[in-house]
Amino acid sequence: MNKDLKAHWEKVYQTKSFEELSWFQEKPETSIQFFEKLNLPKTDSIIDMGSGESRFVDYLLDKGYEHITLVDISEEALSKTKARLGEKGKSVKYIIADAGTFKAIEKYDFWHDRATFHFLTEITEIEHYTQNICRSLNAGAHFLIGTFAEGGPKKCSGLEITQYSADDLSEVFARCLTQKKSNKVNHTTSDGTVQKFTFCLFKYDG
Ligand SMILES: C[S@@+](CC[C@H](N)C(=O)[O-])C[C@H]1O[C@@H](n2cnc3c(N)ncnc32)[C@H](O)[C@@H]1O
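Visitor: Can you help me understand the sheet that holds strand β4 (residues 108–114) in this one?
Guide: Note: strands within a sheet are paired through backbone hydrogen bonds, in either parallel or antiparallel orientation. Strands sit in the order β3-β2-β1-β4-β5-β9-β8 across an open sheet of seven strands; the sheet is mixed. Pairing within the sheet leaves two strands with one partner each, and these edge strands are β3 (93–96) and β8 (177–188). Here the strands of the sheet are splayed against their neighbours by 15° on average, with no regard to which way each runs. Relative to strand β2 (residues 67–72), strand β1 (residues 45–49) runs parallel, the two being bridged by five bridges. From the neighbouring strand, Ile-47 faces β2, where its bridge partner is Thr-69. Strands β1, β4, β5 (137–148), β8 and β9 (194–204) of the sheet are contacted by helix α5 (residues 123–135), whose axis makes an angle of about 150° with β5.

Visitor: What is the right way to look at the packing of helix α3 (residues 56–63) against helix α4 (residues 75–85) in this model?
Guide: To characterise two packed helices, one gives the angle between the axes of the helices and the distance between these axes. Relative to each other, α3 and α4 sit at 35°, their axes nearing to 11 Å. With respect to the hand of their crossing, α3 and α4 are arranged in right-handed fashion. Contacts from Val-57, Asp-58 and Leu-61 in α3 reach Thr-81, Arg-84 and Leu-85 in α4.

Visitor: Mind showing me how you'd approach the site of the ligand here?
Guide: Every one of the 19 residues lining the ligand counts as a neighbour, but Tyr-13, Gly-50, Asp-72, Ala-99 and Arg-114 are closest to it. Ile-73 is positioned with one of its backbone polar atoms (N or O) 3.2 Å from a nitrogen atom of the ligand. At a separation of 3.2 Å, an oxygen atom of the ligand approaches a polar side-chain atom of Thr-116. Here the element with the most residues in the shell around the ligand is helix α1 (residues 3–15); it accounts for three residues. Tallied by class, residues from the shell around the ligand come to eleven nonpolar, five polar and three charged.

Visitor: So what exactly am I meant to see when it comes to the nonpolar core here?
Guide: Where a protein is soluble and globular, its nonpolar side chains tend to be buried together. Within the largest apolar cluster, 37 residues are counted, with the highest numbers of intra-cluster contacts made by Trp-9, Trp-23, Phe-35, Leu-60, Ile-68 and Phe-110. Among the elements of the structure, α1, α2 (29–38), α3, β2, α4, β5 and β9 are those that each provide at least two residues to this core. Among the elements that take part in this core, α3 stands out by supplying five residues, more than any other. Contact partners of Trp-9, with chain neighbours within four places excluded, come to Trp-23, Ile-73, Ser-74, Phe-119, Ser-157 and Leu-159. Formed by 28 residues, the second largest nonpolar core is a distinct cluster that contains Tyr-129, Cys-176, Leu-177 and Cys-200.

Visitor: Help me out: how do you make sense of unusual backbone geometry in this one?
Guide: In most cases, non-glycine residues show a negative phi, while peptide bonds are predominantly trans. A positive phi angle, near 65°, is found at Ala-115, a position not held by glycine. Mapped onto the secondary structure, Ala-115 falls in the loop between β4 and α5. A residue is classified by how much of its surface remains accessible, and Ala-115, at 13% relative accessible area, is buried. Look at Ser-157: it is not a glycine, yet its phi comes out positive at around 55°. Residue placement: Ser-157 occurs in the loop between β6 (155–156) and β7 (159–160). Overall, the relative accessible area of 25% leaves Ser-157 in the partly exposed class.

Visitor: I'm lost on the side chain of Ser-165 in this one. Help?
Guide: With respect to the secondary-structure elements, Ser-165 resides in the loop between β7 and α6 (166–172). For Ser-165, a relative accessible area of 14% corresponds to the buried category. Residues contacting Ser-165, with those up to four places away along its chain left out, are Glu-150 and Thr-198.

Visitor: Explanation requested: the state of the cysteines in the structure shown.
Guide: Working definition: the covalent bond between the sulfur atoms of two cysteines is a disulfide. Inspection of the entire model under this criterion finds one disulfide. Here Cys-134 is linked by a disulfide to Cys-176, with a sulfur-sulfur distance of 2.0 Å. Of note, the bridge from Cys-134 to Cys-176 carries an S-S torsion of about -85° and is left-handed in sense. Placement of Cys-134 in helix α5 and of Cys-176 in the loop between α6 and β8 is noted, with a sequence separation of 42 residues between them. Per residue, the accessibility class of Cys-134 equals that of Cys-176, and both read buried. Distance from the sulfur of Cys-156, which forms no disulfide, to the nearest cysteine sulfur (Cys-200) is 19 Å. For the unlinked cysteine Cys-200, the closest cysteine sulfur is that of Cys-176, found at 14 Å. For Cys-200, a relative accessible area of 0% gives the class buried.

About the cut-offs
- Residues numbered from 1 in each chain as written.
- Predicted model: local features only at pLDDT ≥ 70, side-chain atom pairs only at ≥ 80, totals over all residues.
- Heavy atoms only, no water.
- Pairing = 2+ DSSP bridges.
- Helix = DSSP H or I, 4+ residues; strand = E, 2+ residues; numbered from the N terminus.
- Axes fitted to C-alpha atoms, helices over the stretch in contact; angles between N-to-C directions.
- Contact = heavy atoms within 4.5 Å.
- Left-handed = near helix turned anticlockwise from the far one by under 90°.
- Near = heavy atom within 4 Å.
- Polar contact = N/O pair within 3.5 Å; in protein donor to acceptor, adjacent residues only side chain to side chain.
- Nonpolar A, V, L, I, M, F, W, Y, C, P; charged D, E, K, R; others polar.
- Core = buried A, V, L, I, M, F, W, Y, C linked by side-chain atoms within 4.5 Å.
- Buried < 20%, exposed > 50% of the residue type's maximum accessible area, 1.4 Å probe, protein only.
- Disulfide = S-S within 2.5 Å.

Below, the structure is given as structure tokens:
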């Protein structure tokens, strides 16, 4: 675990409310639109990588999904989420880990990542993430990723990111995933800035 990185994200979540953060969404509409079309069984295992305080978990719980794992480098983000969900979230698993070194011990049917993967700028971390995902998906699983796109921000939360097109993401995850759909999406931050995102849905080839 990169301690400086962890300290950075802990401070972010300790000093700001979710509504103040540029990536805040009242409802993660794009993720929900992709997810709903898959009509996955309620027993499926779902992981949200770099979940932060995202409301995607609220949507999943409301729909009756019971096997949800949230991973984030920030303990504060996960604690805030746990407190917010209360009794409703008692089945949720919380893992404090760095996506660049995390090794999943379970297998998942749906892996979600909005605006986390693009922070991995070292080739070794990207390689680790792709290996981890290929090892950790069940047959027929899906992966939904949202990253900053070309022409979008070059930094987020003061940190460098990598911008990806749908083709770039296909190349990165080619070892075990096939792209099924992609969307260019504009996210408007609370101060009115428009950020270009690439969203891609992949299916596991294994
Ligand atoms: C831009 S926020 C997006 C949060 C959430 N996915 C959402 O859509 O609201 C990025 C999140 O990734 C987490 N994060 C950043 N780098 C990480 C890493 N290397 N491993 C795990 N989580 C990380 C941060 O703590 C933060 O919660």
